[in-house]
Amino acid sequence: MPTDTQARSSLTRWLIPTATFVIGLVVASAFGAGQTPPPTPAVSVPTFGAAPEAQNSAMEGELALFRDINDKFVEQLRRYEIRLREVADTAEAEGAATAAENMRDFALETELLIDRYDLILKEN
């Protein structure tokens, strides 16, 4: 009865893992039921930004960083404006009056941005 052996081995292949799973589930539920992990103790140390002093300190640090970034950007704009005017003067001397006029207009717009930033700094 060669077919009978194949049927038994096929049955064994799925029956043993299933039985092992069921036995493990029964043992886990019997010994692990009702056991919960102990509650974690409350942390008494305030976390970042919890205290008003920490919030103000962090906010002041962020504002100082933004101010530094803005100052460096405006400093670069000032150099850019000076360079634009120099290039416009050179272009006009070489006979490119339209290009020189366009560069001066752009330099004027840059100067207006810088003036607006300076005004904001004075108000704050």
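Reference entry: report on the structure contained in this document.

**Observations concerning the overall build of the chain**
Okay, so step 1: Broken down by element type, the chain carries three helices and zero strands.
Okay, so step 2: Starting at the N terminus, the α and β elements of the chain follow one another as α-α-α.
Okay, so step 3: Here the chain, with 124 residues, has 10% of them falling under the buried criterion.
Okay, so step 4: As presented, the chain carries roughly 10,500 Å² of accessible surface, and 63% of it is formed by carbon and sulfur atoms.

**Description of the pattern of salt bridges**
Okay, so step 1: One pass over the full model with this rule turns up nine salt bridges.
Okay, so step 2: Among the ionic pairs, glutamate 81 bridges to arginine 85, the shortest N-O distance being 3.3 Å. Placement of both glutamate 81 and arginine 85 in helix H2 (residues 52–93) is noted, with a separation of four residues, approximately one turn of the helix.
Okay, so step 3: For arginine 85, a relative accessible area of 28% gives the class partly exposed.
Okay, so step 4: Residue arginine 85 is joined to glutamate 111 by a salt bridge in which the shortest nitrogen-to-oxygen separation is 2.8 Å. Here the residue arginine 85 occupies a position in helix H2, and glutamate 111 occupies one in helix H3 (residues 97–123), the gap between them amounting to 26 residues.
Okay, so step 5: Judged by relative accessible area, glutamate 111 falls into the partly exposed class, the value being 28%.
Okay, so step 6: Connected via shared salt-bridge partners are Glu81, Arg85 and Glu111.

**Digging into the environment of aspartate 118**
Okay, so step 1: Locating aspartate 118 in the fold gives a position in helix H3.
Okay, so step 2: Here aspartate 118 falls in the partly exposed class, since its relative accessible area comes to 24%.
Okay, so step 3: Put simply, aspartate 118 and valine 74 are 44 residues apart on the chain and 9.3 Å apart in space, counted from C-alpha to C-alpha.
Okay, so step 4: Of note is the side chain of aspartate 118, whose polar atom sits 2.9 Å from the side chain of arginine 78.

**What about the packing of aromatic side chains?**
Okay, so step 1: Considering all chains together, one arrives at one aromatic pair under this definition.
Okay, so step 2: For the ring pair tyrosine 80 and phenylalanine 106, a centre distance of 6.0 Å and an interplane angle of 90° mean the geometry is edge-to-face. On the criterion of sequence distance, the pair formed by tyrosine 80 in helix H2 and phenylalanine 106 in helix H3 is long-range, its members being 26 residues apart.

**Some words on H3**
Okay, so step 1: The terminal C-alpha atoms of H3, which comprises 27 residues, lie 39 Å apart, in line with the 39 Å expected from a rise of 1.5 Å per residue.
Okay, so step 2: When H3 is considered as a whole, its buried residues turn out to be Ala100, Met103, Ala107, Thr110, Ile114 and Tyr117.

**Things to note about the side chain of glutamate 81**
Okay, so step 1: Assessed through its relative accessible area of 12%, glutamate 81 is described here as buried.
Okay, so step 2: Setting aside chain neighbours within four positions, we find glutamate 81 in contact with Ala107, Thr110, Glu111 and Ile114.

**Some words on the side chain of threonine 110**
Okay, so step 1: By the secondary structure assignment, threonine 110 is in helix H3.
Okay, so step 2: We classify threonine 110 as buried; its relative accessible area is 4%.
Okay, so step 3: For threonine 110, the contacting residues outside a window of four places in its chain are Leu77, Tyr80, Glu81 and Leu84.

What counts as what
The residue numbers shown here count from 1 along each chain, following its written sequence. Side-chain atom pairs in this predicted model are given and counted only at pLDDT of 80 or more, local residue features only at pLDDT of at least 70, and totals for whole chains, interfaces and linings cover all residues. To obtain the side-chain values, all non-hydrogen atoms of the structure were used and water was disregarded. Only DSSP runs of H or I reaching four residues or more are called helices, and only runs of E reaching two or more are called strands; each is numbered from the N terminus. When accessible area is computed with a 1.4 Å probe and restricted to protein chains, residues below 20% of their type maximum are described as buried, those above 50% as exposed, and intermediate ones as partly exposed. Computed with a 1.4 Å probe, the accessible areas rest on the Shrake-Rupley method; for each residue, only the protein chains presented here act as cover. A pair is scored as a salt bridge if a Lys or Arg side-chain nitrogen falls within 4 Å of a carboxyl oxygen belonging to Asp or Glu. We define a polar contact as two N or O atoms separated by no more than 3.5 Å, with the added condition that, inside protein, one atom must be a possible hydrogen donor and the other a possible acceptor, whereas residues neighbouring each other in sequence contribute only through side-chain atom pairs. Ring pairs are drawn from Phe, Tyr and Trp, using the six-membered ring of Trp, whenever the two centres fall within 6.5 Å, and their geometry is named by plane angle: stacked under 30 degrees, edge-to-face over 60, tilted for the rest. One less than the number of residues in a helix, times 1.5 Å, gives the span that helix is expected to have. Only heavy atoms enter the contact rule, under which two residues are in contact if any of them lie within 4.5 Å.

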